[in-house]
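# Breakdown of the fold
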Amino acid sequence: MTSVTMTVNGKSVSGDVEGRTLLVQFLRDDLKLTGTHVGCDTSQCGACQVHVDGKAVKACTMLAAEADGADVKTIEGMANADGSLSVIQQAFQDHHGLQCGFCTPGMVMTAAALLKENPKPTEAEVRHYLEGNICRCTGYHNIVKAILAASGQEVTQIAAE
Ligand code: FES
Ligand code: FES
C-alpha cells in the first residue's frame, strides 16, 4: 500500500492505496465522491472526467498514486459556494443538456475545462472538445447549446450532425 495525500474540492485528503488503484476508484470508493462515474472500461466514455491541477483528466486513466500532491476537482466541487448551481450546471438544466444524467458530471467537467481554455468557443470547437465524452441519450445538441449558453453566447439554431 502507498499513502497518498491530495486536495480534493479544496479539502486535504489522505488514504492508503494499492499501486494499481485508479484515481476514479479512490474518489468513488474511498472518498465516496460518487458523482464521478465509470461508464466504460476502455477510457472512451468520459463519464469519469475530473480536473487535476486545473486540467481535464479521465480519472480512470490515472493511478491514485500519480495524483499524490495534486489539486483535484470533481463534480461535487462545481457548485457555487452557497450551494447554487454553477453557470455551466444551470445552463445544462436550462437547455435540457441531460436526460438520464449519467454522462453529465463528465460533460460538465469537460465543459468547464473548455471554457477555461477558450471562453468563447464556436459550435465546432465545442463539438470537437466533447469528442472524448459519450452521451447515449441526448444526441449532443442540447449539451452543445448549454455550453455555448454558459459561455455567454446567444444560442440560436445549431447545426444538425
Ligand atoms: S470510465 Fe473513464 S473514460 Fe469511461
Ligand atoms: S444524458 Fe444519458 S448518457 Fe448522457
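Structural notes, computed from the coordinates. (Residues numbered from 1 in each chain as written. Chains lettered and ligands numbered in written order. Predicted model: local features only at pLDDT ≥ 70, side-chain atom pairs only at ≥ 80, totals over all residues. Heavy atoms only, no water.)

### Quick word on the overall build of the protein
Within the protein one finds 5 helices and 5 strands. Shown N-terminal to C-terminal, the secondary structure of the protein runs as helices and strands in the order β-β-α-β-β-β-α-α-α-α. Taken over C-alpha atoms, the radius of gyration comes to 16 Å for the protein, in line with the 15 Å a tight globule of 161 residues would show. With the principal axes as the frame, the protein shows a C-alpha extent of 55 × 35 × 25 Å. When burial is assessed residue by residue, the protein has 44% of its 161 residues classed as buried. Summed over all atoms, the accessible surface of the protein reaches about 8,300 Å², with 49% contributed by carbon and sulfur. The averaged location of the 18 negative side-chain charges in the protein is 3 Å from the averaged location of its 12 positive side-chain charges. (Helix = DSSP H or I, 4+ residues; strand = E, 2+ residues; numbered from the N terminus. Rg over C-alpha atoms; globule rule 2.2 N^0.38 Å. Buried < 20%, exposed > 50% of the residue type's maximum accessible area, 1.4 Å probe, protein only. Areas by Shrake-Rupley, 256 points an atom, 1.4 Å probe, with all protein chains shown as cover. Lys, Arg positive; Asp, Glu negative; His and termini not counted. Charge placed at Lys NZ, Arg CZ, Asp CG, Glu CD.)

### Description of the environment of glutamine 93
With respect to the element layout, glutamine 93 can be found in helix 2 (residues 87-94). Sequence-wise, glutamine 93 and arginine 20 are 73 residues apart; in three dimensions their C-alpha atoms are separated by 37 Å. Once residues lying within four places of it in the same chain are set aside, the contact partners of glutamine 93 are Leu85 and Leu98. (Contact = heavy atoms within 4.5 Å.)

### Digging into the nonpolar core
Ile88, Phe92, Met107, Val126, Leu130, Ile143 and Ile147 are the most contacted members of the largest nonpolar core, which has 23 residues in total. Counting only elements with at least two residues in this core, the list comes to helix 2, helix 3 (104-117) and helix 5 (141-150). When residues in this core are grouped by element, the largest group, 7 residues, is from helix 3. Setting aside residues up to four positions removed in sequence, isoleucine 147 forms contacts with Phe92, Ala111, Leu114, Leu115, Val126 and Leu130. Listed in part, the 21 residues of the second largest apolar core include Val13, Leu33, Val50 and Val52. (Core = buried A, V, L, I, M, F, W, Y, C linked by side-chain atoms within 4.5 Å.)

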